[in-house]
Amino acid sequence: MESKQQDPVSFYKNLEKEWNKQIHSSTNSLTFTKAFGKAVENHLDHVVIQQKIINNWLTVLDIPNKDDLAELAKRKVDCEDKLDNLEETTYMLNIGIKNGHSQLNKLNIALREMLCFIENEVKDLKAIKIKSLKNELEELKRLFDD
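Residues numbered from 1 in each chain as written. Predicted model: local features only at pLDDT ≥ 70, side-chain atom pairs only at ≥ 80, totals over all residues. Heavy atoms only, no water.

A closer look at the overall build of the chain
Of the regular secondary structure elements, the chain holds three helices and zero strands. Along its sequence from the N terminus, the chain presents helices and strands in the succession α-α-α. For 146 residues, the compact-globule formula gives about 15 Å, and the C-alpha radius of gyration of the chain, at 50 Å, lies well above that figure. Dimensions of the chain along its principal axes, counting C-alpha atoms only, are 160 × 65 × 30 Å. Among the 146 residues that make up the chain, the fraction classed as buried is 1%. Carbon and sulfur atoms form 61% of the exposed surface of the chain, whose accessible area is close to 14500 Å². Charged side chains of the chain number 22 positive and 25 negative; the gap between the two group centres comes to 2 Å. (Helix = DSSP H or I, 4+ residues; strand = E, 2+ residues; numbered from the N terminus. Rg over C-alpha atoms; globule rule 2.2 N^0.38 Å. Buried < 20%, exposed > 50% of the residue type's maximum accessible area, 1.4 Å probe, protein only. Areas by Shrake-Rupley, 256 points an atom, 1.4 Å probe, with all protein chains shown as cover. Lys, Arg positive; Asp, Glu negative; His and termini not counted. Charge placed at Lys NZ, Arg CZ, Asp CG, Glu CD.)

Take a look at the structure:
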């Protein structure tokens, strides 16, 4: 005996096709389009009215609205950007200060070495000067002694 039942998949596919035909036939008309347009316009009118009522209540209760929160979020982002810039600037300044400090240390070492060199040169010059003065004095002594 053959069963008269259809395959469930094909049954639902046929049912879907039938529903689509009926939906298409009932919505594919100028009357439906106009009625749907009016319904959308009415809905939008109600949405605008509700928005005005909500904004009025928010104003009366001194509660921030969506625009206030958006502005606050924008300011927060701006402040974060400024903080990031300041952080970057201070980082770069610290690097510059460290480099400057390192160069100052090198300069300080070089100046100490130069000072030692100059002090030694001055000592040598004084010693040479004293020696030459002694020689001149001895020469003068010999001249007077003769």
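Focus: a nonpolar patch on the surface
A grouping of Leu104, Leu107, Leu111, Met114, Phe117, Ile118 and Val122 is seen on the molecular surface, where their side chains present a nonpolar patch of about 680 Å² in accessible area. Along the chain, Leu111 falls in helix 3 (residues 66-145). (Patch = residues over 30% accessible without salt bridge, like charges linked within 9 Å, V, L, I, M, F, W, Y side chains within 5 Å. Salt bridge = Lys/Arg side-chain N within 4 Å of Asp/Glu carboxyl O.)

Some points on the packing of aromatic side chains
Within the structure shown, the criterion is met by two aromatic pairs. Look at Phe32 and Phe36: their rings are 5.9 Å apart centre to centre, the planes differ by 20°, and that puts the pair in the stacked class. You can see Phe32 and its partner Phe36 sitting in helix 2 (residues 30-60), four residues apart, about one turn around the helix. (Phe/Tyr/Trp six-rings, centres within 6.5 Å; stacked < 30°, edge-to-face > 60°.)

Regarding the pattern of salt bridges
What the rule picks out here adds up to three salt bridges. Of the charged contacts, one joins Glu18 and Lys21 as a salt bridge, the two residues approaching to 3.9 Å between their closest N and O atoms. Within this pair, Glu18 and its partner Lys21 are both found in helix 1 (residues 8-27), separated by three residues, close to a single helical turn.

Quick look at a negative patch on the surface
On the surface, Asp78, Asp81, Asp84, Glu87 and Glu88 cluster together into a patch of negative charge. In this fold, Glu88 is placed in helix 3. Assessed through its relative accessible area of 45%, Glu88 is described here as partly exposed.

Notes on the confidence of the model for the chain
Per-chain confidence: the chain averages 91 in pLDDT, with 96% of residues scoring 70 or above. Looking across the chain, the model is least confident in helix 1, with a mean pLDDT of 90, and most confident in helix 3, with 94. (pLDDT = per-residue confidence, 0-100.)

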